[in-house]
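Each chain, letter by letter, is given below.
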Amino acid sequence: MRHAIRHEEELRLLGELYGELTGLGLNIGFRDALPGLTVTTDVPGVPLYVFVSESGTHFDWHNAAMRHPVGDPAGAARRIAAFLREHRTGGR
């Protein structure tokens, strides 16, 4: 088994984060086959991919360089939104 977390639990956690991110006004896509969220950035065609770590303990993004505990989806959403603001290239 690739992940220590069950697929259903992974999808549930991503669903919670999805709700928090959309509540902040971000445009989010949901991938089920390779579970994760795609967050629209200001670079056309280049989304930010957010996923649950293999251990099931964190939301990871920016090639897993950034992470936040899954028990705090609202805090993770705020950090992801701040990350996007900090890494803007302009245009939006």
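Scroll up for the structure.
Everything numeric in this text was worked out from a predicted model, so none of it was measured.

Q: What is the right way to look at the pairing of strand 3 (residues 48-52) in this model?
A: Each regular strand displays side chains that alternate between the two surfaces of the sheet. Residues L48, V50 and V52 point to one face of strand 3 and are all buried, whereas Y49 and F51, pointing to the other face, are not buried. In this sheet, strand 4 (residues 58-61) lies alongside strand 3 in antiparallel orientation, the contact comprising three bridges. Following the sheet pairing, F51 is matched in strand 4 by D60. Where strand 3 folds back on strand 4, the antiparallel hairpin that results is connected by five residues, among which G56 adopts a positive phi of roughly 80 degrees.

Q: Even after reading the chapter, I still don't get the sheet that holds strand 1 (residues 28-31), so can you show me in this structure?
A: Strands in a sheet are paired, the pairing made by backbone hydrogen bonds, and the direction either parallel or antiparallel. Read across the sheet, five strands follow the order 1-2-3-4-5 without closing on themselves; strand pairing throughout is antiparallel. Either end of the sheet is taken by a strand with one partner, and the two such strands are strand 1 and strand 5 (66-69). Ignoring strand direction, the axes of neighbouring strands in this sheet form an average angle of 20 degrees. Relative to strand 5, strand 4 runs antiparallel, the two sharing four bridges. Opposite D60, over in strand 5, you have R67 as the bridge partner. Each of strand 1, strand 2 (36-39), strand 3 and strand 4 touches helix 1 (residues 7-23); the most contacted strand, strand 1, lies at about 170 degrees to it.

Q: Is there a simple way to think about the pattern of salt bridges in this case?
A: Summed over the entire model, instances satisfying the criterion amount to four salt bridges. In this structure, E16 engages R12 in a salt bridge whose closest nitrogen and oxygen atoms are separated by 2.2 Å. Here the residue E16 and the residue R12 both occupy positions in helix 1, the gap between them amounting to four residues, near one helical turn. In this structure R12 comes out as partly exposed when scored by relative accessible area, which is 40%. Residues joined in a network through salt bridges with shared partners are E9, R12 and E16.

Q: Please clarify how the environment of A76 should be interpreted in this entry.
A: Within the secondary structure layout, A76 lies in helix 2 (residues 73-86). The exposure class assigned to A76 is buried, which follows from its relative accessible area of 0%. Residues A76 and E10 lie 66 residues apart in sequence; the distance between their C-alpha atoms is 15 Å. Each residue touching A76, except ones within four places of it in the same chain, is listed here: L17, F59 and H68.

Q: What am I meant to see in helix 2 here?
A: Between its first and last C-alpha atoms helix 2 spans 20 Å; for 14 residues at 1.5 Å apiece the expected length is 20 Å, and the two agree. Buried within helix 2 we find P73, G75, A76, A77, I80, A81, F83 and L84. Considering only its buried residues, helix 2 is in contact with helix 1, strand 2, strand 3, strand 4 and strand 5.

Q: Honestly, the side chain of S53 in this entry has me stumped. Any pointers?
A: Secondary-structure assignment places S53 in the loop between strand 3 and strand 4. Residues in contact with S53, not counting those within four places in the same chain, are I5, H58, D60 and R67.

Cut-offs applied
Residues numbered from 1 in each chain as written. Predicted model: local features only at pLDDT ≥ 70, side-chain atom pairs only at ≥ 80, totals over all residues. Heavy atoms only, no water. Buried < 20%, exposed > 50% of the residue type's maximum accessible area, 1.4 Å probe, protein only. Helix = DSSP H or I, 4+ residues; strand = E, 2+ residues; numbered from the N terminus. Pairing = 2+ DSSP bridges. Axes fitted to C-alpha atoms, helices over the stretch in contact; angles between N-to-C directions. Contact = heavy atoms within 4.5 Å. Salt bridge = Lys/Arg side-chain N within 4 Å of Asp/Glu carboxyl O. Expected span 1.5 Å × (residues − 1).

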